[in-house]
Amino acid sequence: MRLRYTCSSCKKLNYYKSSETTRGDLQMKEGDEVRVNCTKCSRVEKKHINNIEAVIDMRLIILGIALGIFSTLILLGLYGAIGMVSFAIPILMWLQESNAVNGFNKYTIRRK
């Protein structure tokens with residue numbers, strides 16, 4: 001899961017690095033507003049955490065696809081058709097990412 005926001009001056013998408021998995025955890029760690037730095041125009045501004053949204057990290061999905069193909073080929077040679085079960089690895093990674101993104105975006109913080 002990646003957190004992204006839009007810069008208010010140049011309107012470009014930027015990513016915010018955080019290890020928090022829910023918006024509530026992010027609020028407890030950073031407060032109601034976070035300081036962000038635009039990578040395009042270098043403007044530093046404060047964004048309310050409701051303006052930060054989660055998106056699926058496609059790097060993890062591609063890693064899961066590569067891992068699934070590699071393990072399927074290895075296990076297909078060793079165990080035959082039962083090795084095809086390992087092709088479910090990217091599907092499970094995508095489901096986990098989707099649930100994490102939905103959980104983050106569904107919960108919003110009340111503005112003061």
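Residues numbered from 1 in each chain as written. Predicted model: local features only at pLDDT ≥ 70, side-chain atom pairs only at ≥ 80, totals over all residues. Heavy atoms only, no water.

Caption draft 1: Molecular detail of unusual backbone geometry. Positive phi is not limited to glycine here, since Lys-11 has a value of about 60°. Tracing the backbone through its elements, the reader meets Lys-11 in the loop between strand 1 (2-6) and strand 2 (13-16). The class of Lys-11 is exposed, set by a relative accessible area of 59%. One non-glycine residue, Ser-42, adopts positive backbone phi at about 60°. Structurally, Ser-42 can be placed in the loop between strand 3 (33-37) and strand 4 (44-48). (Helix = DSSP H or I, 4+ residues; strand = E, 2+ residues; numbered from the N terminus. Buried < 20%, exposed > 50% of the residue type's maximum accessible area, 1.4 Å probe, protein only.)

Caption draft 2: Representation of the sheet that holds strand 2. The strand order 2-1-5 describes an open sheet built from three strands, whose pairing is antiparallel. Unpaired on one side and paired on the other, strand 2 and strand 5 (53-55) mark the two borders of the sheet. Averaged over all pairs of adjacent strands, the angle between their axes in this sheet comes to 45°, without regard to strand direction. (Pairing = 2+ DSSP bridges. Axes fitted to C-alpha atoms, helices over the stretch in contact; angles between N-to-C directions.)

Caption draft 3: Representation of the packing of aromatic side chains in the model. With the rule as written, the count across this model stands at zero aromatic pairs. Looking at Arg-2, its charged tip hangs above the ring of Tyr-15, at a distance of 3.8 Å from the centre. (Phe/Tyr/Trp six-rings, centres within 6.5 Å; stacked < 30°, edge-to-face > 60°. Lys NZ or Arg CZ within 6 Å of the ring centre and 35° of its normal.)

Caption draft 4: Seen up close, the pattern of salt bridges. Here the structure, examined in full by the defined rule, presents three salt bridges. Between Arg-4 and Glu-53 there is a salt bridge whose closest N-O contact spans 2.7 Å. Highlighted residues: Arg-4 in strand 1 and Glu-53 in strand 5, separated in sequence by 49 residues. A salt bridge links Arg-59 to Asp-57; the nearest nitrogen and oxygen atoms lie 3.1 Å apart. (Salt bridge = Lys/Arg side-chain N within 4 Å of Asp/Glu carboxyl O.)

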